[in-house]
Amino acid sequence: MGWENNRVQVLMSTYNGERFLEEQIESLLSQSWKNLEILIRDDGSTDGTMEILERYCMRYSNIQVFAGENVGVAKSFFELLEESDGDFVAFCDQDDVWLEHKVEAAVAMLAKEQGPALYCGGKRLVDSSLEPIGQQTGGNLRPGFGNAVVECICTGCTAVLNRQLADILKARLPEHAILHDWWSYLAAAYVGKVIYDPEVYILYRQHEQNVVGAKAGFWGEVQGKAAYLRKNRGKLQGQLQDFSKLYQGDREKDALVRQVLAAEGLGGRLKIFCNRKIYRQKALDEVIMRILFLMGKML
């Protein structure tokens, strides 16, 4: 097969993560994939995070730690990406737990691809004690560029990139990405292939203060989803403006980005409302998105 000895680099950005950090690092060290390096950039922590990282760095030769200034999660991950040179690159949060075969499963799928490719997948929601609080998220999703312009189905902690995609991303880093995972999904859907694996290889920890949940009842769910979409207003426009400057050459996809960016005027909003090439994964999200576009409250 030829790919079993490839080098995988896990990129982790930390910030005041002392509470769950050791458990996450131990799950990385327990991966079935042994040719593994862990690159960690601390984004200006003020708690005991750096002390934990320095201790692990002293004990394990495959862990490298970089202390940085606070630049925010997206730019922190992009700085790590610039440092990477592995055959495959995985993004990692500071507070989850990876199941033993997470890296192996991703590499097995990515190794079949010839061009730039991104792997992402399902996750199991757990509480702070790793007790399940819901079923795996995801299901049979449909990756595509028309989805990536308005929605991210690639949760960063599940994302693994092959070297071709990582090099493309490194050469075209944005100023206004909403998050590193959404930008990676957008780029991969433009230049290559996105693999969505519904299998679960990660325990996605939800802290007590930020447990995912919706208001009760149908209208409560509608309000919650609308609020989630609106919170990226302005950010979505900035991300797509950056993308339109950095990625060009596919006429159909370029036109789709321009059409979304032109949705500030009534005529542009009507075109988006009727455009079925742009889509979100869930029917309710799809309806809310189109209404927000029509009302001028999406960008």
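Here's what I pulled together on the structure shown here.

**Comments concerning unusual backbone geometry**
Leave glycine aside and you will find that most residues have negative phi; peptide bonds, for their part, are mostly trans. The backbone phi angle of Asn16 is positive, close to 45 degrees, even though this residue is not glycine. As for its placement among the helices and strands, Asn16 is situated in the loop between β1 (8-14) and α1 (21-29). For Leu130, which is not glycine, the phi dihedral falls at a positive 70 degrees. One can find Leu130 in the loop between β6 (117-126) and β7 (132-137). On the basis of relative accessibility, which here comes to 21%, the residue Leu130 falls in the partly exposed class.

**A look at a nonpolar patch on the surface**
Residues Leu266, Leu270, Phe273, Val287, Ile291, Leu294 and Met295 make up a contiguous nonpolar surface patch of about 600 Å² in total accessible area. If you list the elements that add at least two residues to the nonpolar patch, you get α11 (266-274) and α12 (283-294). Looking at where Met295 falls in the secondary structure, it is placed in the segment after α12.

**Regarding the pattern of salt bridges**
Under the definition given, this model contains 14 salt bridges. In this structure, Arg205 engages Glu23 in a salt bridge whose closest nitrogen and oxygen atoms are separated by 2.8 Å. Highlighted residues: Arg205 in strand β9 (residues 193-205) and Glu23 in helix α1, separated in sequence by 182 residues. Here Glu23 falls in the partly exposed class, since its relative accessible area comes to 38%. Residue Glu113 is joined to Lys193 by a salt bridge in which the shortest nitrogen-to-oxygen separation is 3.3 Å. Pair noted here: Glu113 is in the loop between α4 (102-110) and β6 and Lys193 is in strand β9, with a separation of 80 residues, a long-range link. Among the residues examined, Glu113 registers a relative accessible area of 22% and is labelled partly exposed. Residue class for Lys193 comes out partly exposed when judged on its relative accessible area of 41%.

**Comments concerning α12**
Residues three or four positions apart in an α-helix share a direction because the helix packs 3.6 residues into each turn. A rise of 1.5 Å per residue sets the reference length of α12, with its 12 residues, at 16 Å; its end C-alpha atoms lie 17 Å apart and thus fit the reference within 8%. Within the span of α12, buried status applies to Leu284, Asp285, Glu286, Ile288, Met289, Arg290, Leu292 and Phe293. Two residues or fewer past α12, Gly296 is found with a positive phi of approximately 75 degrees.

**Side note on the packing of α1 against helix α2 (residues 49-59)**
Two elements in contact, α1 and α2, have axes separated by 10 Å at closest approach and are oriented at 25 degrees. Comparing their axes, α2 and α1 come out roughly parallel. When the axes of α1 and α2 are compared, the crossing they make is right-handed. When α1 is examined against α2, the residues Leu21, Glu22, Ile25, Glu26 and Leu29 are found in contact with a partner set consisting of Thr49, Ile52, Leu53, Arg55 and Tyr56. Here the residues of the contact of α1 with α2 sort into 6 nonpolar, 1 polar and 3 charged.

**Observations regarding the nonpolar core**
Leu118, Phe145, Val149, Phe243 and Phe293 are the most contacted members of the largest nonpolar core, which has 53 residues in total. When residues of this core are assigned to their parent elements, the largest contribution, 8 residues, is made by helix α7 (residues 180-191). Filtering out sequence-adjacent residues up to four positions away, Phe243 remains in contact with Phe145, Trp183, Leu186, Ala187, Tyr190 and Val257. In this structure, Leu36, Ile52, Tyr119 and Ile195 belong to the second largest nonpolar core, which totals 30 residues.

**Examining the side chain of Thr158**
Following the sequence through the fold, Thr158 ends up in the loop between α5 (145-148) and β8 (160-162). Overall, Thr158 belongs to the buried group, its relative accessible area being 2%. A distance of 2.8 Å separates the side chain of Thr158 from the backbone oxygen of Thr155, its partner in a polar contact. Those residues within four positions of Thr158 in sequence are excluded, and the remaining contacts are Lys102, Tyr119, Cys120, Gly121, Gly122, Lys123 and Ile202.

**Focus: helix α3 (residues 73-83)**
Burial in α3 covers these residues: Ala74, Ser76, Phe77, Phe78, Leu80 and Leu81. Against β1, β2 (36-43), β3 (63-68), β4 (88-92), α6 (163-171) and α7 lie the buried residues of α3.

Basis of the calculations
Residues numbered from 1 in each chain as written. Predicted model: local features only at pLDDT ≥ 70, side-chain atom pairs only at ≥ 80, totals over all residues. Heavy atoms only, no water. Helix = DSSP H or I, 4+ residues; strand = E, 2+ residues; numbered from the N terminus. Buried < 20%, exposed > 50% of the residue type's maximum accessible area, 1.4 Å probe, protein only. Patch = residues over 30% accessible without salt bridge, like charges linked within 9 Å, V, L, I, M, F, W, Y side chains within 5 Å. Areas by Shrake-Rupley, 256 points an atom, 1.4 Å probe, with all protein chains shown as cover. Salt bridge = Lys/Arg side-chain N within 4 Å of Asp/Glu carboxyl O. Expected span 1.5 Å × (residues − 1). Axes fitted to C-alpha atoms, helices over the stretch in contact; angles between N-to-C directions. Parallel < 35°, antiparallel > 145°, perpendicular 65-115°, else oblique. Left-handed = near helix turned anticlockwise from the far one by under 90°. Contact = heavy atoms within 4.5 Å. Nonpolar A, V, L, I, M, F, W, Y, C, P; charged D, E, K, R; others polar. Core = buried A, V, L, I, M, F, W, Y, C linked by side-chain atoms within 4.5 Å. Polar contact = N/O pair within 3.5 Å; in protein donor to acceptor, adjacent residues only side chain to side chain.

Without other data, these values stay purely geometric and don't point to any function.
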